[in-house]
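The primary structure of each chain is shown beneath.
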Number of protein chains: 2
Amino acid sequence: MSRNTDTGPGDTTTAKSVQIHDPTLRDGHHAVRHQLSSRQLRAYAAAADAAAVPVVEVGHGNGLGASSLQVGQARCSDDEMLSVVREALRSSRMGVFMLPGWGTVEDLRKAISHQADLVRIGTHCTEGNLAERHLGFLREAGVDAHAVLLMSHMASAGRLAEECARLVGYGATGVGILDSSGHYLPADVTERIGAIRAAVTVPVLFHGHNNLGMAVANSIAAVEAGVDIVDACARGFGAGAGNTQLEVVVPVLERMGYSTGIDLYRLLDAADIAATELMDAPPSIDSVGIVSGLAGVFSGFKTRVLDISQREGVDPRDVFFELGRLQAVAGQEDLIVDVALNLRATDERTASHV
Amino acid sequence: MSRNTDTGPGDTTTAKSVQIHDPTLRDGHHAVRHQLSSRQLRAYAAAADAAAVPVVEVGHGNGLGASSLQVGQARCSDDEMLSVVREALRSSRMGVFMLPGWGTVEDLRKAISHQADLVRIGTHCTEGNLAERHLGFLREAGVDAHAVLLMSHMASAGRLAEECARLVGYGATGVGILDSSGHYLPADVTERIGAIRAAVTVPVLFHGHNNLGMAVANSIAAVEAGVDIVDACARGFGAGAGNTQLEVVVPVLERMGYSTGIDLYRLLDAADIAATELMDAPPSIDSVGIVSGLAGVFSGFKTRVLDISQREGVDPRDVFFELGRLQAVAGQEDLIVDVALNLRATDERTASHV
């Protein structure tokens, strides 16, 4: 138990509470191609539980039902992951994630049979309607169901607020936005969360990525703008530049006067377990991560952009920025070749005029 | 040259200019125990110069004259480092750093003979008077001389402003604060920089560390509060959690409408060179880094705190927090043993009452 309880105004009983949602074992899973073992899942889940982390999310990086040749086969089945983590958690709630299209209502039934406490349904930021049936099913089943909007920088604050209100109408008991590309600066978050906060009465959440070194600062901005739930991963475990770092954002929030209910020393212990047991190295911000964050491009494009750029002899950074201008989204991988060919043609025209 | 010049309001000719000062080859040197070779120094300096980074600082981590058994012997002599970097720079200015006590006026003469363009003199945040003689010497010599206050979180905004005004009186042509422990949150920076900005008319600078994941956000807060100069290192190269990440803070500033004059693509190239040539791995935020940042403790205490804590059977995190409460500073290493023994005695008393 932490000796250091003198963290400032957060000690007062009137401190605003912020709930931490920990997707280390789900979003972090992307960083190791979904290869965490039962032993690894158990070790981290137990440590997070001991620290009193409110929600521990588990699964394939792309959620329930996503394990496949196309996006990568997980080492463990959904059944195995859910039963291992369920058993490891004493007080933390177990969360799962699902993207309609990858997962189905059958996967939701399975999660319920494993006593998942909280289900998140994610859709592209302007396609909340794809979650209608799943949210309806979860409402009928009486399961806590949050709806989250991916690549949320691609929609305006007003559009996101509308979409969130619609999701609540479908049955979402919480709504929020993911900064999937790590594109936001704090002012962007403040504006969007403010609009969403004004549009719904259910809990609002924010999920950040660290491409521009702003994940913690953006999470703080989100809390100040009214979110109730902040996502964060131990050591920032996640693909590319990684997620908001859990054991950093918690003491920072406490120091600013918010209450998380988490034991700092045990949280640091859990993060140390994550560092030694789950990952080869913690995420860091490399040049590709910066460019894709600036461009606001889906990080899953990375390998293909690098390969095609090399083949066509163009600068991959130009390709990222052009994909960003075109608002390319997952599924539009064909655009990468078009963009590269166009850039090459432009380069050749320029060269012929010099 | 970057194709992507569409970075928002920063493109307008009225954008406020922020000067970037790059201590990758000086403060970063701490991360590799001052063992950079001539080849490494040359490679990075040339790359930073090509990106139009305004100031490239070089030297032993503790500055001119500091290479010693006590804090570590550098691989290259000051003469060698300065001549190699001087030769590599075409347009960037060469900066050096000195801590009175480690370096002397003789070292300043040597730096001047190597055509250093800018000398920084650092002192503990309340001991600017120790820089009086050196600043006077540099004023006489007509050399641009900035004075910086270390461990600046230990002094109030008003005290820092007073100290900065005094330093200007001694001849400093620029003044600023270092967040040596990575303790600040943006509001802390805003308050302190605001006070300093109001107290002096010379350029003001901010130098951040990333222990709480806030180095970029704090640098932005500093710019918004009026600093003219921001320190940042490629990949955040530096001891422990590292420094403000150069190739992140530059495009973030540009996106916010500030102008740095730096070429983004060449800067990313320079950072890639730093990543592959200078370091084994980029800095990351580990649990000790977080605790020393929260506690506001000199990062150089780390190894000794861990050793003594293990020997006395106490939690090193408790030792850090207690050292923070005692406002321990470099040179007070003896306090570590006292703190550890006191904690052990408290533990034993507690145990005997259970």
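As the structure is a prediction and not an experimental result, all values here were calculated from the model.

**So, the sheet that holds strand E8 (residues 229-231) of chain A**
Residue and element names in this part refer to chain A. As summarised here, the arrangement of the eight strands in space is E1-E2-E3-E4-E5-E6-E7-E8, forming a closed barrel in which the pairing is parallel. Strand-to-strand twist across the sheet, computed as the mean angle between neighbouring axes with direction ignored, equals 25 degrees. By the bridge criterion, three bridges tie strand E1 (residues 19-25) to E8 in an arrangement that is parallel. Bridging across to E8, His21 finds its partner in Asp231. Relative to the sheet, helix H1 (residues 38-50) contacts E1 and strand E2 (55-58), its axis offset from that of E1 by approximately 165 degrees.

**Notes on the packing of aromatic side chains**
Applying the stated criterion across every chain yields a total of six aromatic pairs over all chains. Seen in terms of ring centroids, B:Tyr184 and B:Phe206 are 6.4 Å apart; in terms of plane orientation they differ by 40 degrees. Their pairing is tilted. A residue pair is termed long-range when its members are at least 10 positions apart, and B:Tyr184 in the loop between strand E7 (174-178) and helix H6 (186-199) and B:Phe206 in strand E8 (residues 204-207) qualify at 22 residues. The class of B:Phe206 is buried, set by a relative accessible area of 0%. Of note, A:Arg317 hangs over the ring of B:Tyr265, and the distance from its end group to the ring centre comes to 4.2 Å. Stacked on the ring of B:Phe97, the Lys or Arg B:Arg26 has its end atom at 3.8 Å from the ring centre.

**Some thoughts on the packing of helix H11 (residues 302-312) of chain B against helix H13 (residues 334-352) of chain B**
All names here are of chain B. Put simply, H11 and H13 touch, their axes get as near as 10 Å, and they point 30 degrees apart. Relative to H13, H11 is oriented so that their crossing is right-handed. Counting all contacts with H11, which are made through Arg304, Val305, Ile308, Arg311 and Glu312, the residues of H13 involved are Ile336, Val337, Ala340, Leu341 and Arg344. Looking at the contact of H11 with H13 residue by residue, the classes come out as six nonpolar, no polar and four charged.

**Here's the deal with the relation of the copies chain B and chain A**
Taken as rigid bodies, chain B and chain A are interconverted by a rotation of 180 degrees and an axial shift of 0.0 Å, the fit giving an RMSD of 0.0 Å. The superposition operator between the copies reduces to a two-fold rotation axis. It is B:Ala217 whose C-alpha, among those of chain B, lies nearest the rotation axis, at 3.1 Å. Looking at chain B, 100% of its interface residues are interface residues in chain A too, so the copies touch through the same face.

**Points about the state of the cysteines**
Residues and elements named next belong to chain B. Tallied over the entire structure, the rule returns zero disulfides over all chains. Sulfur of Cys125: no disulfide; nearest cysteine sulfur belongs to Cys164 and is 10 Å away. Among the residues examined, Cys125 registers a relative accessible area of 0% and is labelled buried. Of all cysteine sulfurs, the one in Cys76 lies closest to Cys233, which takes part in no disulfide; the gap is 18 Å.

**A closer look at the side chain of A:His29**
All names here are of chain A. Looking at the element boundaries, His29 is found in the loop between E1 and H1. Among the polar contacts listed, one links the side chain of His29 to the backbone oxygen of Gly59, at a separation of 2.7 Å. Not counting chain neighbours up to four residues away, the residues in contact with His29 comprise Thr24, His34, Gln35, Leu36, Gly59, His60, Gly61, Met81 and Phe237.

**Quick look at the interface of chain B and chain A**
Taken together, the contact pairs 42 residues of chain B with 42 residues of chain A. Of the roughly 3500 Å² buried between chain B and chain A on both sides combined, carbon and sulfur atoms contribute 56%. Connecting chain B to chain A are four salt bridges. With a shortest N-O distance of 3.0 Å, A:Asp269 and B:Arg317 are connected by a salt bridge. The interface formed by chain B and chain A includes 16 residue pairs in polar contact (both at pLDDT 80 or more). Elements supplying a minimum of two residues to the side of chain B that touches chain A: helix H7 (215-224), helix H8 (246-255), helix H9 (264-278), helix H10 (287-295), helix H12 (316-325) and H13 of chain B. Here the side of chain B that touches chain A is composed, by residue class, of 21 nonpolar, seven polar and 14 charged.

**Some remarks on the pattern of salt bridges**
The final tally for this structure, using the stated rule, is 40 salt bridges over all chains. In this structure, the salt-bridge partner of B:Asp188 is A:Arg255, at a minimum N-O distance of 3.0 Å. Taken together, the residues span two chains, with B:Asp188 in helix H6 and A:Arg255 in helix H8 (residues 246-255). Note that B:Glu312 and B:Arg344 form a salt bridge whose closest N and O atoms lie 2.8 Å from each other. One end of the pair, B:Glu312, is in helix H11; the other, B:Arg344, is in helix H13, with 32 residues separating them in the sequence. Of the residues examined, B:Arg344 reaches a relative accessible area of 31% and is grouped as partly exposed. One salt-bridge network, in which partners are shared between bridges, spans A:Arg311, A:Glu312, A:Arg344 and A:Glu348.

**Examining the nonpolar core**
Within the largest apolar cluster, 226 residues are counted, with the highest numbers of intra-cluster contacts made by A:Leu25 and B:Leu25. If we ignore the near neighbours within four places in the chain, the residues touching B:Leu25 are B:Leu36, B:Leu41, B:Tyr44, B:Ala45, B:Val56, B:Glu57, B:Val58, B:Gly59, B:Val85 and B:Leu278. Formed by seven residues, the second largest nonpolar core is a distinct cluster that contains A:Val148, A:Leu150, A:Leu205 and A:Ile229.

**Focus: the environment of A:Leu89**
Residues and elements named next belong to chain A. The topology assignment puts Leu89 in the loop between helix H2 (78-88) and strand E3 (93-98). It is 9.9 Å that separates the C-alpha atoms of Leu89 and Ala52, two residues lying 37 residues apart in sequence. With sequence-adjacent residues up to four places away left out, Leu89 is seen in contact with Ala45, Asp49, Val56 and Met94.

**Examining the sheet that holds strand E4 (residues 93-98) of chain B**
Residue and element names in this part refer to chain B. With parallel pairing, eight strands are arranged side by side around a closed barrel as E2-E3-E4-E5-E6-E7-E8-E9. When the angles between neighbouring strand axes are averaged without regard to direction, this sheet yields 25 degrees. The pairing of E7 with E8 spans four bridges and is parallel. If you follow Gly176 over to E8, its bridge partner there is Leu205. On top of the sheet, helix H1 (residues 38-50) reaches strand E2 (19-25) and strand E3 (55-58); it is set at about 165 degrees to E2, its chief contact.

**Thoughts on the UniProt feature "binding site: substrate" (unreviewed entry) in chain A**
All names here are of chain A. With numbering matched to this structure, UniProt assigns "binding site: substrate" (unreviewed entry) to Arg26, Asp27, Ser180 and His207. Across 182 residues in sequence, these annotated residues keep their C-alpha atoms within 14.2 Å of one another, forming a single compact spot. As for the lining of the second largest cavity, the annotated residues named previously contribute Arg26. Mapped onto the elements, Arg26 comes out in the loop between E1 and H1. Other than its neighbours up to four places away in sequence, Arg26 contacts Glu57, Val58, Gly59, His60, Gly61, Gly63, Phe97 and His207. Examined against the element boundaries, His207 turns out to sit in strand E7 (residues 204-207). Those residues in contact with His207 that sit more than four places away from it in its chain are Pro23, Arg26, Asp27, Arg120, Ile177, Leu178, Asp179, Asp231 and Asn243.

So, how was this worked out
Residues numbered from 1 in each chain as written. Chains lettered and ligands numbered in written order. Predicted model: local features only at pLDDT ≥ 70, side-chain atom pairs only at ≥ 80, totals over all residues. Heavy atoms only, no water. Pairing = 2+ DSSP bridges. Helix = DSSP H or I, 4+ residues; strand = E, 2+ residues; numbered from the N terminus. Axes fitted to C-alpha atoms, helices over the stretch in contact; angles between N-to-C directions. Contact = heavy atoms within 4.5 Å. Phe/Tyr/Trp six-rings, centres within 6.5 Å; stacked < 30°, edge-to-face > 60°. Buried < 20%, exposed > 50% of the residue type's maximum accessible area, 1.4 Å probe, protein only. Lys NZ or Arg CZ within 6 Å of the ring centre and 35° of its normal. Left-handed = near helix turned anticlockwise from the far one by under 90°. Nonpolar A, V, L, I, M, F, W, Y, C, P; charged D, E, K, R; others polar. Least-squares fit on C-alpha atoms with pLDDT ≥ 70 in both. Disulfide = S-S within 2.5 Å. Polar contact = N/O pair within 3.5 Å; in protein donor to acceptor, adjacent residues only side chain to side chain. Buried area = accessible area lost by both parts, 1.4 Å probe. Salt bridge = Lys/Arg side-chain N within 4 Å of Asp/Glu carboxyl O. Core = buried A, V, L, I, M, F, W, Y, C linked by side-chain atoms within 4.5 Å. UniProt positions renumbered as here; feature names shortened; annotations may be inferred. 1 Å grid on protein atoms, 1.4 Å probe; cavity = no way out; pocket = protein on both sides within 12 Å on 5 of 7 lines; lining within 4 Å.

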